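# Reading the structure
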Amino acid sequence: MPDAAPAAPPAVTPAPVVPDAAPAIAVATKNKDTLSVDFPDEEIRTILRNVADLFELNLVIPDTLQGRTSLKLREVTWRQIFQVILSPIGYTFVEDGNIIKIVSQDSLLAEPVSTEIFIINYAKAADILTTVSTLVDPAVGGKIIVDQRSNALVVTERPSRLGRIRPIIEKLDHATEQVMIESKFIEITSGNERELGLDWTVAGGSKGGTYKSYETSNAAPSPGVTITGTPIAAGNPSALTTSFLTGADYTALLQAAESNNTARVVNNPTLVTLNNVQAEINIGEEYPIPSYTYNAERGAFEVSGFEYKPIGVLLKVTPQINSQGFIKLTLEPEISQRGLPVNFGGASGADIPIINTRKTKTQVSLQDGHTLGIGGLIKDDEAHGTNQLPILGSIPGIGRLFQNKTKEKNRTNLLIFITAKVINSKTAQPEEIYDPRVLREAQLKRSDVSGYREAGDPFLPEAPPAQAATELKK
């Protein structure tokens, strides 16, 4: 009987192939001056090179720098990335011009100091000193000296530190922007604001509301641009209001004021000041205010001195420019005049001068080139008089029968308009500051303005040699 065939080996089912885990993906995206990075596990040298490529940096990495790291950062600068990666492993970076060098922190400790002079062009060197002095290390010989004659900073530090100090000084030493402040003080008879086309009342009688400017015409005013604002706190909060006007609204209002017999432009001061620097205008007189002391021996008050007070049109303003095209103004407008003195009384009968003043102090923010209006500075005057019949009214005794006492009340409202505009210190022209109508009324030519220089050679042409020799003989 033949041998049985050998049994077939049992079938082996191959184990399922498990795919390898997906490799970690390094991602770096650049957005303007910041970067978002995601490196789950990457060589430090590779990360530095990728970041340098995105920002187009010139980078030098020493062979001694080794290691791996994981990081995930959003919206950071390349300097922040370098600092986060290098600091834990004892390294840092030095900016040498447009080259970034990766160096060990130990090598920096042995780095000799050097001295560099920074000429300050716009700011005061002493003002920048306070900020920059915190960046030097006195332990290694770092110091800063101010040279007032040349307005310079003499900085002694390690080259690695100087590379970080240099861009900070450059940013602090920049040209200060200038602001043109034009103001108009207009006094009108109360109740005639509508004739000027402006309604200063607050809607609903509340402290805040909507203000309306109207188109100027001889007919009934028609609604124009709606402007919102908030009244300024004063003795009577509901009496003082503000409004913001565009250039067209402001021009229309001034034209109406000039053609209206009940409106009077009190003054129109204009000035230019640096950003964050207070400017002051005083148009009027310095009035002496006496100081009294009591003389016990004589039993009377005596003048012991005088304090001079400015009276007239006064304006204090401090502008502050922001990056969004708005100008913050700290305003102190004032208009004052001498009033009737008040008798102090007593045996001496000293007279105390009275100053009638209308003023306010506020802070506002308005767009570059726009105009702020302040209203509600009201003054009441009362005038007394006598009307009489000719001759009969002058007869003693019975003359009063032919006389009539009169009393007239006048109320005036002071409107103050402030226009703020940023002026380029390099390209500003006179017509950007002065009202062109004022220049035309003064009949000025451009050559009349200071600083004008005619183009071309200012000297007479040279005489021919023969003529020059004849003149020398004479």
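As shown above, the structure is provided for reference.
Residues numbered from 1 in each chain as written. Predicted model: local features only at pLDDT ≥ 70, side-chain atom pairs only at ≥ 80, totals over all residues. Heavy atoms only, no water.

## A word on the sheet that holds strand E5 (residues 91–96)
Let me state the cut-off plainly: Pairing between two strands is assigned when DSSP locates at least 2 bridges connecting them. Secondary structure elements follow DSSP: runs of H or I of four or more residues count as helices, runs of E of two or more count as strands, with numbering from the N terminus. Every angle, taken between N-to-C directions, lies between 0 and 180 degrees, and every axis is a line fitted to C-alpha atoms, over only the stretch in contact when it is a helix.
Reading across the sheet, the three strands line up as E3-E6-E5 and stay open at both edges, with mixed pairing between neighbours. If you trace the sheet from one side to the other, it starts and ends with strand E3 (58–60) and E5, each paired once. Recorded for the sheet is a direction-independent mean angle of 25° between the axes of neighbouring strands. With six bridges joining them, E5 and strand E6 (residues 99–104) adopt antiparallel strand pairing.

## What to know about the nonpolar core
Taken as a class, soluble globular proteins show a tendency for nonpolar side chains to be buried jointly. Operational definition: By convention a nonpolar core is built from buried Ala, Val, Leu, Ile, Met, Phe, Trp, Tyr and Cys residues, the set being connected through side-chain atoms within 4.5 Å. Each residue is assigned to one of three classes by its accessible area relative to the maximum for its type, calculated with a 1.4 Å probe on protein chains only: buried under 20%, partly exposed between the two thresholds, exposed over 50%.
In this structure, Ile 181, Val 317, Leu 329, Leu 331 and Ile 418 are the most contacted members of the largest nonpolar core, which totals 23 residues. Mapped by element, the contributors of at least two residues to this core are strand E10 (178–189), strand E17 (279–295), strand E18 (300–321), strand E19 (326–338), strand E23 (362–367), strand E24 (371–388) and strand E25 (403–423). Among the nonpolar cores identified, the runner-up in size contains 21 residues, and Val 37, Ile 61, Leu 71 and Ile 85 belong to it.

## What about the sheet that holds strand E7 (residues 114–119)?
Backbone hydrogen bonds hold the strands of a sheet together, and the pairing may be parallel or antiparallel. Note the following rule: Contact between two residues is taken to exist if any of their heavy atoms lie within 4.5 Å; hydrogens are not considered.
Spatial strand order, E7-E9-E8: three strands in an open sheet with antiparallel pairing. The outermost strands of the open sheet, each flanked by one partner alone, are E7 and strand E8 (143–147). With strand direction ignored, the average angle separating the axes of adjacent strands in the sheet is 20°. Relative to strand E9 (residues 152–157), E8 is paired through five bridges, and the arrangement is antiparallel. Looking at E9, one finds that Val 146 is bridged to Leu 153. The strands that helix H4 (residues 125–132) touches are E8 and E9; relative to E8, the one it contacts most, it runs at about 170°. Of the strands in this sheet, E7 and E9 are in contact with helix H5 (residues 159–172), which crosses E9 at around 155°.

## Thoughts on the pairing of E23
Judged by which residues are buried, E23 turns out to be one-sided: Thr 362, Val 364 and Leu 366 face inward and are buried, whereas Gln 363, Ser 365 and Gln 367, on the alternate face, are not. Where E19 meets E23, six bridges bridge the pair, whose relative direction is antiparallel. Bridging across to E23, Ile 327 finds its partner in Leu 366.

## Here we look at a nonpolar patch on the surface
For clarity, the cut-off: Here a patch means residues that are over 30% exposed by relative accessible area and free of salt bridges, tied together within 9 Å if like-charged and within 5 Å if nonpolar (Val, Leu, Ile, Met, Phe, Trp, Tyr). Per-residue and other accessible areas were derived by the Shrake-Rupley procedure at a 1.4 Å probe size, with only the shown protein chains allowed to occlude residues. For this document, the term salt bridge refers to a Lys or Arg side-chain nitrogen within 4 Å of an Asp or Glu carboxyl oxygen.
Where nonpolar side chains cluster on the molecular surface, the patch consists of Val 303, Phe 306 and Tyr 308 and spans about 350 Å² of accessible area. Judged by its relative accessible area of 53%, Phe 306 falls in the exposed class.

## Quick notes on the packing of aromatic side chains
What counts is decided by this rule: Any Phe, Tyr or Trp ring, taking Trp's six-membered ring, that has another such ring centre within 6.5 Å forms a pair; planes under 30 degrees apart are called stacked, those over 60 apart edge-to-face, and the others tilted. Any Lys NZ or Arg CZ found within 6 Å of a ring centre and within 35 degrees of that ring's normal is scored as a charge over the ring.
Under the criterion given, the structure shown has three aromatic pairs. For the pair Trp 78 and Phe 93, a centre-to-centre distance of 5.6 Å together with 55° between the ring planes defines the contact as tilted. In this pair, Trp 78 sits in helix H2 (residues 78–86) while Phe 93 sits in strand E5, placing the two residues 15 residues apart along the sequence. In this structure Phe 93 comes out as buried when scored by relative accessible area, which is 5%. Within the aromatic cluster, the residues linked to one another by ring pairs are Trp 78, Phe 82 and Phe 93. In this arrangement the basic side chain of Arg 164 is found over the ring face of Phe 93, its NZ or CZ atom lying 5.0 Å from the centre.

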